[in-house]
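These are the residues of each chain, in order.
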Amino acid sequence: MAEAPTPARPHVVLSAAQSLDGYLDDASGTRLLLSNEDDFAEVDRLRAEADAILVGAGTVRADDPRLLVRSAELRRERRAAGEPEQPVKVTVTGSGELDPHAQFFTAGDAAKLVYAPPSVAEHLRDVATLVDAGTPPELERILDDLGARGVRRLLVEGGGTVHTQFLSAGLADELRLAVAPVTVGDPRAPRFLGPGAVPRTLRLTGVRKLGDVAVLHYRVAAEPSALDLLRLRQAIALADECPPSSTFRVGAVVTAADGTVLATGHSGEGDPLNHAEEAALAKLPAGDPRLATATIYSSLEPCSARASHPLSCTQLILAAAIPRVVMAWREPSLFVDAEGVEQLMAAGCRVIEIPALAPEVRRANTHLPGVRP
Ligand SMILES: NC(=O)c1ccc[n+]([C@@H]2O[C@H](COP(=O)([O-])OP(=O)(O)OC[C@H]3O[C@@H](n4cnc5c(N)ncnc54)[C@H](OP(=O)(O)O)[C@@H]3O)[C@@H](O)[C@H]2O)c1
Ligand SMILES: [Zn+2]
């Protein structure tokens with residue numbers, strides 16, 4: 001019997017509030033307020049949109065947070081959508097030093113998960129589900145386990161150690177950062193990002209003012225592997241197979257989780273109006289279980305609107321539940337305004353752009369007006 005595919009990891013949203021000088025708190029025993037009511041209300045909504053909320057053991061010890069959705073209206077919306085009233089609470093500890101009377105365990109009736117090395121957290125067995133994710137726990141394994149438990153969206157609420165690990169490991173998809181107009185100026189205080197934070201490419205996607213608090217939204221640009229480059233080059237080369245055409249010449253490759261090629265396609269294959277992604281997907285049976293962990297490589301951004309066929313390639317990819325897209329060239333607005341990347345990301349699909357390979361794609365498309373290699 002074929003092995004069941006590993007369910008996709010959750011989409012990870014980091015949320016933090018920091019002072020102007022980058023601190024999460026001051027060094028006193030009481031928590032420094034870095035937020036206001038409007039900001040709290042937005043974070044409450046982020047909680048309500050999540051399947052699970054994770055904080056590090058340091059935050060459970062320092063802040064004793066309840067980690068509950070506060071708004072009755074948002075809780076009603078969750079129930080109406082068939083979800084549990086409260087997201088699952090998740091924490092990670094190496095030492096197991098957590099008090100079973102902490103509000104993390106006692107407040108509300110949400111399910112609780114503690115990722116800890118075996119035997120260090122036996123005193124929590126009655127108040128939470130203990131999960132071994134390695135010694136010390138590894139974030140990749142935690143995310144795999146959460147995915148297997150049906151968690152599609154994870155909100156990470158700190159503290160600094162945990163945020164630093166998620167960002168450095170390239171395991172965060174989005175960051176919401178609230179910046180309060182106060183300074184802490186005390187090197188003993190915890191920072192949002194610790195030393196050793198590996199730089200990642202963050203793209204600023206929104207800036208808003210909530211009273212005196214500035215809210216910054218970032219997307220973390222995912223990074224390609226050597227295999228991604230190889231498979232994307234294969235997709236780009238497939239554009240040479242396209243029949244002469246007045247539209248985009250595109251190639252696409254669908255691979256399984258281990259990188260093996262499941263199907264390939266190019267524009268105009270089968271039907272002159274077919275797009276490359278569509279031609280490749282048409283070669284795979286609907287509901288093929290390998291699609292749940294597959295990647296689709298396309299030389300061009302998947303289209304988001306088209307005149308020729310009822311479904312856009314973006315819709316076809318989402319319908320096939322493919323969790324990852326790798327592409328070289330953002331569609332220029334020659335025919336329609338392209339929103340493929342935005343629509344895919346909004347639906348929780350991971351999109352990796354490799355613009356370094358875009359010149360090769362343009363070279364195959366110089367028959368189009370205004371396109372230069
Ligand atoms: N302003 C904000 O938005 C905000 C939000 C949250 C927290 N905070 C502040 O942040 C401070 C706490 O930050 P922090 O950096 O000390 O704590 P943290 O990130 O919440 O937790 C760190 C702890 O989590 C455990 N841990 C994390 N990753 C682990 C791994 N991969 N393997 C094993 N254990 C792991 C370890 O626990 P063990 O020590 O048990 O092994 C580690 O000491 C507090 O002052 C809090 O007020 C502020
Ligand atoms: Zn298309």
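Before going into details, it helps to say that this report is about the structure given with it. None of these values were measured; they are calculated from a predicted model.

### So, the coordination of the zinc ion (ligand 2)
For a metal with four donors in a tetrahedral arrangement, the ideal angle between donors is 109.5 degrees, while six donors in an octahedron ideally sit at 90 or 180 degrees.
And step 1. Within the first shell, the zinc ion (ligand 2) binds the protein through His275 (ND1), Cys303 (SG) and Cys313 (SG), at distances of 2.0 to 2.3 Å.
And step 2. In primary-sequence terms, the residues that donate to the zinc ion (ligand 2) follow H-x27-C-x9-C. Here Cys313 lies in helix H9 (residues 313-319) and His275 lies in the loop between strand E11 (261-266) and helix H8 (276-281), a separation of 38 residues in the sequence.
And step 3. According to the relative accessible area criterion, Cys313 is buried, its value standing at 0%.

### So, unusual backbone geometry
And step 1. Along the chain, Thr135 connects to Pro136 via a cis peptide bond; the corresponding omega equals -10°.
And step 2. Mapped onto the fold, Pro136 is located in the loop between strand E5 (129-131) and helix H5 (139-148).
And step 3. For the bond running from Gly158 to Gly159, omega is 0°, close enough to zero to count as cis.
And step 4. Checked against the element boundaries, Gly159 lands in the loop between strand E6 (153-156) and helix H6 (160-168).
And step 5. Within the chain, Asp64 stands out as a residue other than glycine whose phi angle is a positive 50°.
And step 6. Tracing the backbone shows Asp64 in the loop between helix H2 (57-63) and helix H3 (72-80).
And step 7. In this structure, Leu67 is a non-glycine residue whose phi angle is positive, near 55°.
And step 8. Within the secondary structure, Leu67 sits in the loop between H2 and H3.
And step 9. On the accessibility criterion, Leu67 (2% relative accessible area) is buried.

### A closer look at the site of ligand 1
And step 1. Around ligand 1 sit 26 residues, and of these Thr59, Asp63, Thr93, Ser95 and Thr161 come closest.
And step 2. Between ligand 1 and the protein, one listed contact pairs an oxygen atom with a side-chain N or O atom of Thr93 at 2.6 Å.
And step 3. Starting from 920 Å² of accessible surface for ligand 1 in isolation, the protein chains cover 83%.
And step 4. When contributions to the shell around ligand 1 are tallied by element, the ones reaching two or more residues are strand E1 (11-19), H2 and H6.
And step 5. No other element matches the 6 residues that H2 contributes to the shell around ligand 1.

### Quick look at the sheet that holds strand E8 (residues 202-210)
And step 1. Read across the sheet, 9 strands follow the order E5-E4-E3-E2-E6-E1-E7-E9-E8 without closing on themselves; strand pairing throughout is mixed. Two strands close off the open sheet at either side, each with one partner strand: E5 and E8. Direction aside, neighbouring strands of the sheet carry axes that sit 20° apart on average.
And step 2. Note: strand E7 (residues 174-180) against strand E9 (residues 213-220), 6 bridges, orientation antiparallel. Bridge pairing links Glu174 to Arg219 in E9.
And step 3. Those strands touched by helix H1 (residues 37-49) are E1, strand E2 (52-56), E6, E7, E8 and E9, and its axis lies near 165° from that of E7.

### Focus: helix H7 (residues 226-238)
Think of an α-helix as 3.6 residues a turn; residues three or four steps apart then line up on the same face.
And step 1. Taking 1.5 Å per residue, 13 residues should reach 18 Å; H7 reaches 19 Å between its end C-alpha atoms and fits that length.
And step 2. By the burial criterion, the buried members of H7 are Asp228, Arg231, Leu232, Ala235, Ile236 and Leu238. Buried positions in H7, seen along its axis, are confined to an arc of 155° and lie on one side of it.
And step 3. On its buried face, H7 sits against strand E10 (251-255), E11, strand E12 (295-300), strand E13 (324-329), strand E14 (350-353) and helix H11 (358-363).

### Section: the packing of aromatic side chains
And step 1. Applying the stated criterion across every chain, the model contains 2 aromatic pairs.
And step 2. For the ring pair Phe104 and Phe105, a centre distance of 4.9 Å and an interplane angle of 75° mean the geometry is edge-to-face.
And step 3. The buried category is assigned to Phe104, whose relative accessible area is 0%.
And step 4. The interplanar angle of 80° and the centroid separation of 6.0 Å between the aromatic rings of Phe248 and Trp329 together place this pair among those described as edge-to-face. Note that Phe248 is positioned in the loop between H7 and E10 and Trp329 in strand E13, a separation of 81 residues in sequence.

### Things to note about the nonpolar core
And step 1. Leu232, Val254 and Ile322 are the most contacted members of the largest nonpolar core, which totals 40 residues.
And step 2. The element that contributes the greatest number of residues to this core is E13, accounting for 5 residues.
And step 3. In this structure, Val254 is in contact with Thr260, Val261, Leu262, Ala263, Ala280, Leu281, Leu284, Leu291, Ala294, Thr295, Ile296 and Ile322, ignoring residues within four places of it in sequence.
And step 4. With 30 residues, the next largest nonpolar core counts Val92, Ile142, Leu175 and Leu216 among its residues.

### Some words on the pattern of salt bridges
Where charged atoms from two side chains of opposite charge approach closely, those side chains can pair.
And step 1. In total, this model carries 23 salt bridges according to the counting rule given.
And step 2. Ionic pairing is found between Glu77 and Arg45, a salt bridge with its closest N-O pair at 4.0 Å. Highlighted residues: Glu77 in helix H3 and Arg45 in helix H1, separated in sequence by 32 residues.
And step 3. The partly exposed category is assigned to Arg45, whose relative accessible area is 39%.
And step 4. Glu83 is the partner of Arg78 in a salt bridge, and the nearest nitrogen-oxygen pair spans 3.9 Å.
And step 5. The exposure class of Arg78 is buried, given its relative accessible area of 3%.
And step 6. A relative accessible area of 32% places Glu83 in the partly exposed class.
And step 7. Salt bridges linked by common partners bring Asp39, Glu42, Arg176 and Arg208 together as one network.

Analysis parameters
Residues numbered from 1 in each chain as written. Chains lettered and ligands numbered in written order. Predicted model: local features only at pLDDT ≥ 70, side-chain atom pairs only at ≥ 80, totals over all residues. Heavy atoms only, no water. Donors = N, O, S within 2.8 Å, 3.2 Å for Na, K, Ca; no water. Helix = DSSP H or I, 4+ residues; strand = E, 2+ residues; numbered from the N terminus. Buried < 20%, exposed > 50% of the residue type's maximum accessible area, 1.4 Å probe, protein only. Near = heavy atom within 4 Å. Polar contact = N/O pair within 3.5 Å; in protein donor to acceptor, adjacent residues only side chain to side chain. Areas by Shrake-Rupley, 256 points an atom, 1.4 Å probe, with all protein chains shown as cover. Pairing = 2+ DSSP bridges. Axes fitted to C-alpha atoms, helices over the stretch in contact; angles between N-to-C directions. Contact = heavy atoms within 4.5 Å. Expected span 1.5 Å × (residues − 1). Arc of directions from axis to C-beta. Phe/Tyr/Trp six-rings, centres within 6.5 Å; stacked < 30°, edge-to-face > 60°. Core = buried A, V, L, I, M, F, W, Y, C linked by side-chain atoms within 4.5 Å. Salt bridge = Lys/Arg side-chain N within 4 Å of Asp/Glu carboxyl O.

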